[in-house]
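Given next are the chains, with one letter for each unit.
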Amino acid sequence: QVQLVESGGGLVQAGGSLRLSCAASGRTFSRYAMGWFRQAPGKEREFVSAITLSGGWTRYADSVKGRFTISRDNAKNTVYLQMNSLKPEDTAVYYCAAAVGFTTTQREYEYWGQGTQVTVSK
């Protein structure tokens, strides 16, 4: 069992930055690939980024490539999402999730956090 708790969301102006954190419970964090997803009002949840167990490989949605950076610290059981050059269309609830394999597919993620709100104003 893995429990995930996101933090770091908030209100920021367009062009600003935020860093999201996702703290995982348990000693098995390093066995899971981690991902970030987001859900905007009235839209389906979508993939944002993923990182392998060791952090050696990452993937990004085209909409965030070059602006967002995913990283992890297995000693701290934490995965991060650094978000720069934020746009109003980045406004969403952001979720972190854990999967046994490295994937961008939501249904393959076993554990999910409760989400953190990110709001980007014009």
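Residues numbered from 1 in each chain as written. Predicted model: local features only at pLDDT ≥ 70, side-chain atom pairs only at ≥ 80, totals over all residues. Heavy atoms only, no water.

Peer 1: Give me the lowdown on the state of the cysteines, citing residues and values where you can.
Peer 2: Under the counting rule described, the total for this entry stands at one disulfide. Note that Cys 22 is cross-linked by a disulfide to Cys 96, the S-S spacing being 1.9 Å. The sign of the S-S torsion, about 50°, decides the handedness of the disulfide formed by Cys 22 and Cys 96: right-handed. Note that Cys 22 is positioned in strand β3 (residues 18–24) and Cys 96 in strand β9 (residues 92–99), a separation of 74 residues in sequence. Pair check on accessibility: Cys 22 and Cys 96 agree, each one buried. (Disulfide = S-S within 2.5 Å. Helix = DSSP H or I, 4+ residues; strand = E, 2+ residues; numbered from the N terminus. Buried < 20%, exposed > 50% of the residue type's maximum accessible area, 1.4 Å probe, protein only.)

Peer 1: Kindly report on the nonpolar core, identifying the contributing residues and their values.
Peer 2: Within the largest apolar cluster, 36 residues are counted, with the highest numbers of intra-cluster contacts made by Leu 4, Met 34, Trp 36, Leu 81, Met 83 and Tyr 94. Take this core: its biggest share by element is six residues, from β9. If sequence neighbours within four positions are ignored, Met 34 has contacts with Leu 4, Cys 22, Phe 29, Ser 49, Ala 50, Ile 51, Ile 70, Arg 72, Val 79, Ala 97, Ala 98 and Tyr 109. (Core = buried A, V, L, I, M, F, W, Y, C linked by side-chain atoms within 4.5 Å. Contact = heavy atoms within 4.5 Å.)

Peer 1: Tell me about the environment of Ala 97, and please be specific about residues and values.
Peer 2: Within the secondary structure layout, Ala 97 lies in strand β9. Each C-alpha atom of the pair Ala 97 and Asp 62 lies 19 Å from the other, and the pair is 35 residues apart in sequence. The contact partners of Ala 97, leaving out residues within four places of it in the chain, are Leu 4, Ala 33, Met 34, Gly 35, Phe 37, Tyr 109, Tyr 111 and Trp 112.

Peer 1: Could you give an account of the sheet that holds strand β8 (residues 78–83), naming the residues involved and the relevant values?
Peer 2: The four strands lie next to each other as β1-β3-β8-β7, forming an open sheet whose pairing is antiparallel. Strands with a single pairing partner mark the edges of an open sheet, and in this sheet they are β1 (4–7) and β7 (68–73). Shown here is a sheet whose adjacent strand axes are inclined to one another by a mean of 15°, direction ignored. Across six bridges, β3 lies against β8 in antiparallel orientation. Looking at β8, one finds that Cys 22 is bridged to Val 79. (Pairing = 2+ DSSP bridges. Axes fitted to C-alpha atoms, helices over the stretch in contact; angles between N-to-C directions.)

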